[in-house]
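Coordinates in review
So the chains spell out like this:
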Amino acid sequence: MVRHCSVACVVAGLLWSVAAAQTRYSIAEEVNEGTVVGNIAKDLGLDKSTLKDRKYRIVSSNADLLLNVNQNDGVLYVSRKIDREEVCAQSSTCLINLKMVLENPLEIHNIGVEILDVNDNSPSFPEGEKRLEISESVLPGARFQLKPSRDRDSGHFSVQQYKLSQNDHFRLEVRDKGEDGKIPILVLQKSLDRETAASHSLVLTALDGGKPPKSGQMNILVKVLDVNDNTPVFSKDVYSVTLPENAPLGSAVVQVNATDLDEGQNAQKTFQFQVVASDSGSPSLSSNVTVNMFILDQNDNAPVILYPVSSNGSAEGVEEIPRNVNAGHLVTKVRAYDADIGYNGWLLFSLQQVSDHSLFGLDRYTGQIRTLRSFTETDEAEHKLVILVKDNGNVSLSATATVMVKLVEPKEAFAASDLQSSAKDDEDSHVTFYLIITLGSVSVLFIISIIVLIAMQCSKSPDYTSKYLPETNYDGTLCHSIQYRSGDKRYMLVGPRMSIGSTIVPGSHANTLVLPDRRRNNEEPYIVVLPSPNTKPARLKDPGQV
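For clarity, every value in this text was computed on a predicted model and none was experimentally measured. (Residues numbered from 1 in each chain as written. Predicted model: local features only at pLDDT ≥ 70, side-chain atom pairs only at ≥ 80, totals over all residues. Heavy atoms only, no water.)

1. What about the overall build of the chain?
Rules: Strands are runs of DSSP state E lasting at least two residues, helices are runs of H or I lasting at least four, and both sets are numbered from the N terminus onward. When accessible area is computed with a 1.4 Å probe and restricted to protein chains, residues below 20% of their type maximum are described as buried, those above 50% as exposed, and intermediate ones as partly exposed. Residue contacts are defined here by distance: any two heavy atoms, one from each residue, within 4.5 Å place the two residues in contact. The accessible surface values rely on the Shrake-Rupley method and a 1.4 Å probe; as for residues, cover is taken only from the protein chains in view.
Across its full length, the chain holds 5 helices and 32 strands. Relative to its full complement of 546 residues, the chain shows a buried share of 29%. Put simply, of all contacts in the chain between residues at least 6 apart along the chain, 59% involve residues at least 24 apart. Taken as a whole, the chain presents about 35,800 Å² of accessible surface, with 53% of it coming from carbon and sulfur.

Rendered as structure tokens:
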């Protein structure tokens, strides 16, 4: 019993001493199968001729899938391609530990194989395109952190630097976070202006440390958000309008136009018109109020049929088509319009009445009437189509048009077509004649208006600074009055109308009438000077009423 224990202790000691020593090899990843890692038998001093008999082998788990030994010469070789990133992920050192066993006598050897990294992977970003929304009010210096690029390689072959495409508004900063890698940060260095550039396209490139380096790219699309930094600008500084005094209610006065470089709600304009109330004092005093007008469209206009229209104005028409037309032939197109806007003016067409539903079809959006099939001998020669045209208002308004389709033989159809073309030419000539007459009349009225305005300007009397009394004197002529102040007294000269340039010398050949001024508490005398003894003054008023 003691002997067995002694033997076990000796064997354990030998195994411990052998296991403590490890033979190390290294080999690059991605080498071909069969590549020699090292000659273990030679390095350990083993007899090659006994390796097979002593069952020389690898006993480590999973290692035999990557590496194997040759029992004939003791060489360790690659049994299949080794991907370092698959075996060791992002570890800085990739080491495969093997145990080599020989029997008779038992020997165990520790073998370490280091897998060296090669630059076989390119950097890649989590997303191929990054979208950023930045307001144009953001100040320079703002920072926007981006997701870093990853490289399955390690060490020097991992991501080493970032580059940003050339631009005027952004620069790149890189923050090194050690094991977490390098983080790219986008920094705004120049203010954005949406009105100049609504978006910016950038390219971020990640480079590893290989020679030559491998790279990966990510597109960065920066959308500039608008702020209300532009005021509306009118197309003119001053709008001048001439409006006849008898213009009817609802006449157009002026059309103003303003543009705003902003977008969305910042560009929506509300026009304000000022109403000014002025008195007739001197100087005139006034106040104003701003009126905002918001006009919402109401569905108050029914669709109007433009075609077909008969000579009496009703929405009726006759279309003649050859009997031998094929399916899809355009019979006619119903045309209509609606004076409303938006949904209230959106028109839809539908067949309200048709003699044979299998013969004709109507496009609900364009109003085109086409044949659905070829005609047969049993089909009627005339077909009545009633088309309903309605808008999309909350309370829909509609109109109807009637089209009579006549089937004729091909020769008759051609003759009818020539007749319709001739009638249309005659109608166009009449319209041209009436248009010429209308234009001529407007031109004559315009010339007459200009002549009348010139005559009125020439016939205006000169504007004098003096005032006239509204009452007439004894002989029916207006009197001339001049008011002036001399010291504490106020004077009014009253006499017949004089020519421009004539003067009155106060006190010369004049009668003077002194009256009290009732507007003053001190009863200051008011003096009226009559320039001529033969001139009788008109009825005198308080000077405040002259």
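2. Here we look at the state of the cysteines
For the record, the criterion: Our working definition of a disulfide is a cysteine sulfur pair at a distance within 2.5 Å.
Applying the stated rule across the entire model yields 1 disulfide. Covalently, C88 is tied to C94 through a disulfide, its sulfur atoms 1.8 Å apart. Here the S-S torsion is close to 65 degrees, and the disulfide linking C88 with C94 is therefore right-handed. Both residues of the pair, C88 and C94, belong to the buried class.

3. Here we look at the environment of K130
As for its placement among the helices and strands, K130 is situated in strand 8 (residues 129-135). Overall, the relative accessible area of 25% leaves K130 in the partly exposed class. Considering only alpha carbons, one finds K130 and M218, 88 residues apart in sequence, at a separation of 7.2 Å. Discounting residues that sit within four places of it in the chain, K130 has contacts with L146, M218, N219, I220 and L221.

4. Some details on the nonpolar core
This is how the line gets drawn: Throughout this description, the term nonpolar core refers to a set of buried Ala, Val, Leu, Ile, Met, Phe, Trp, Tyr and Cys residues connected via side-chain atoms within 4.5 Å.
The biggest cluster of nonpolar side chains holds 25 residues, and the ones touching the most others in it are L67, L76 and V113. Only strand 1 (22-28), helix 2 (40-44), strand 4 (67-69), strand 5 (75-78), strand 6 (95-102) and strand 7 (107-116) provide two or more residues apiece to this core. In terms of residues, this core owes the most to one element, strand 6, which gives 4 residues. Beyond its immediate sequence surroundings of up to four residues, L76 is in contact with T35, V36, V37, G38, I40, I58, L67, N68, V69, L98, I111 and V113.

5. Some details on the sheet that holds strand 24 (residues 360-362)
Inclusion rule: Pairing between two strands is assigned when DSSP locates at least 2 bridges connecting them. Working convention: axes come from line fits to C-alpha atoms, limited for helices to the stretch in contact. Angles between N-to-C directions cover 0 to 180 degrees.
Ordered in space as 21-25-24, the 3 strands form an open sheet in which the pairing is antiparallel. The open sheet is flanked by strand 21 (330-333) and strand 24, the only strands paired with a single partner. When strand polarity is set aside, the average angle formed by the axes of neighbouring strands in this sheet is 20 degrees. Two elements, strand 24 and strand 25 (residues 368-371), share 3 bridges in a ladder whose sense is antiparallel. Across the sheet, residue F360 finds its bridge partner in strand 25, namely T371.

6. Things to note about the pattern of salt bridges
Put simply, the rule reads: For this document, the term salt bridge refers to a Lys or Arg side-chain nitrogen within 4 Å of an Asp or Glu carboxyl oxygen.
Tallied over the entire structure, the rule returns 12 salt bridges. The salt bridge involving E107 is made with R54; its shortest N-O contact spans 2.8 Å. Of this pair, E107 sits in strand 7 while R54 is found in the loop between helix 2 and strand 3 (57-58), placing the two residues 53 residues apart along the sequence. Looking at E107, the relative accessible area reads 23%, which means it is partly exposed. Here D226 and R194 are joined by a salt bridge, their closest N and O atoms 3.2 Å apart. Of this pair, D226 sits in the loop between strand 14 (215-225) and strand 15 (233-234) while R194 sits in the loop between strand 12 (182-188) and strand 13 (199-208), placing them 32 residues apart in sequence. Look at D226 and you get buried, because its relative accessible area is 16%.

7. Regarding unusual backbone geometry
Going from N104 to P105, the amide bond is cis rather than trans, its omega being -5 degrees. Positionally, P105 belongs in the loop between strand 6 and strand 7. In this structure, P212 follows K211 across a cis peptide bond, with omega equal to 0 degrees. Structurally, the position occupied by P212 is in the loop between strand 13 and strand 14. Phi is positive for E30, close to 65 degrees, though the residue is something other than glycine. Within the secondary structure, E30 is located in the loop between strand 1 and strand 2 (36-39). The partly exposed category is assigned to E30, whose relative accessible area is 31%. One non-glycine residue with positive phi stands out, namely K55, at about 55 degrees.

8. What about the side chain of S135?
The test is simple: Think of a polar contact as two N or O atoms within 3.5 Å of one another; within protein, one of them needs to be a possible hydrogen donor and the other a possible acceptor, and neighboring residues in sequence only count if both atoms come from side chains.
Its place among the elements puts S135 in strand 8. Within the local environment of S135, its side chain forms a polar contact with the side chain of S137, the two groups lying 2.9 Å apart. Residue contacts for S135: discarding those within four places in its chain leaves L192, L225 and V227.

9. Considering the sheet that holds strand 14
The 4 strands are arranged 8-14-13-10 in an open sheet whose pairing can be described as mixed. Two strands lie at the open edges of the sheet, namely strand 8 and strand 10 (159-164), each paired on one side alone. The mean inter-strand angle of the sheet, taken between neighbouring strand axes irrespective of direction, is 25 degrees.

10. Structural notes on the environment of I115
Within the element layout of this structure, I115 appears in strand 7. Measuring from C-alpha to C-alpha, the distance between I115 and T93 comes to 7.9 Å, with 22 residues separating the pair along the chain. In contact with I115, not counting residues within four places along its chain, are I27, E29, I82, R84, C94 and I96.

11. Description of the side chain of D260
Within the secondary structure, D260 sits in the loop between strand 16 (258-259) and strand 17 (272-278). Here the side chain of D260 touches D262 through a polar contact of 2.9 Å, landing on its backbone nitrogen.

12. Describing the packing of aromatic side chains
Put simply, the test is: Centre distance within 6.5 Å is the pairing criterion for rings of Phe, Tyr and Trp, where only the six-membered ring of Trp is used; planes under 30 degrees apart are then read as stacked, over 60 as edge-to-face, and the remainder as tilted.
Tallied over the entire structure, the rule returns 3 aromatic pairs. Between F125 and Y162, the ring centres sit 6.3 Å apart and the planes meet at 50 degrees, which makes this aromatic pair tilted. With F125 in the loop between strand 7 and strand 8 and Y162 in strand 10, this residue pair connects regions lying 37 residues apart in the sequence. Relative to W346, the ring of Y343 lies with its centre 5.9 Å away and its plane at 50 degrees, an arrangement referred to as tilted. You can call Y343 exposed: its relative accessible area is 59%.

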